[in-house]
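Structural overview for review
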Amino acid sequence: MIDLFDLYFYEDCPYQDESAELLRLEGWGKMRIVSRENGTCACAGELAEYYERKGLKIRNYLEDGMTFKPGDAIFEAEGDLKLLFKLWRVSQTFLSLMCAISTKQPLW
């Protein structure tokens, strides 16, 4: 089975994250994706499962359909700092798109 998250992350960072290498990131870190707008959460649970498969610990995430407001944490994880740094950009984009679709009000 093809893991779509692996495809997304490989496309963004096919070899290694050059920024993480240049910054010489090492150790344990925490990541928190926070909303700037009101919305409805979607697909954070699927992202959490992917992070766990990669050996990262999920601290918190909003369930599908839960609403959030500016400043609310949608997704929180911790673990290897270099891996978190590699995953955060695509994770933030993925959640932004899925939550925007979920938040869209019907036209009728």
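The paragraphs below set out a description of the structure included in this document. (Residues numbered from 1 in each chain as written. Predicted model: local features only at pLDDT ≥ 70, side-chain atom pairs only at ≥ 80, totals over all residues. Heavy atoms only, no water.)

Within the structure shown, the criterion is met by three salt bridges. In this structure, Glu 76 and Arg 32 form a salt bridge, with 3.2 Å as the shortest nitrogen-oxygen distance. With Glu 76 in strand β5 (residues 73–80) and Arg 32 in strand β1 (residues 28–34), the pair connects residues that are 44 residues apart, well separated along the chain. When its relative accessible area of 54% is taken as the criterion, Arg 32 is described as exposed. (Salt bridge = Lys/Arg side-chain N within 4 Å of Asp/Glu carboxyl O. Helix = DSSP H or I, 4+ residues; strand = E, 2+ residues; numbered from the N terminus. Buried < 20%, exposed > 50% of the residue type's maximum accessible area, 1.4 Å probe, protein only.)

Another point: the sheet that holds β5. Taken together, the three strands give an open sheet; going across it, the order is β1-β5-β3, and neighbouring strands pair in antiparallel fashion. Either end of the sheet is taken by a strand with one partner, and the two such strands are β1 and β3 (57–61). Across this sheet, the average inter-strand angle for adjacent strands is 10°, counted without regard to direction. Its contacts with the sheet place helix α4 (residues 81–103) against β1 and β5, and it is angled at close to 160° to β5. (Pairing = 2+ DSSP bridges. Axes fitted to C-alpha atoms, helices over the stretch in contact; angles between N-to-C directions. Contact = heavy atoms within 4.5 Å.)

The backbone phi angle of Cys 43 is positive, close to 75°, even though this residue is not glycine. Counting through the fold element by element, Cys 43 comes out in the loop between β2 (39–40) and α3 (44–53).

Before going further, it helps to examine α3. Those residues of α3 that fall on the buried side of the exposure criterion are Ala 44, Gly 45, Leu 47, Ala 48, Tyr 50 and Tyr 51. Gly 55 sits one or two residues past α3 and shows a positive phi near 90°.

Attention now moves to α4. For α4, with 23 residues, the first-to-last C-alpha span of 31 Å sits near the 33 Å given by 1.5 Å per residue. Where α4 bends most, the angle comes to about 40°, and this point is Trp 88. Here α4 has its buried residues at Leu 84, Leu 87, Val 90, Ser 91, Phe 94, Leu 95 and Cys 99. (Expected span 1.5 Å × (residues − 1). Bend = angle between axes of the 7 residues up to and from the residue.)

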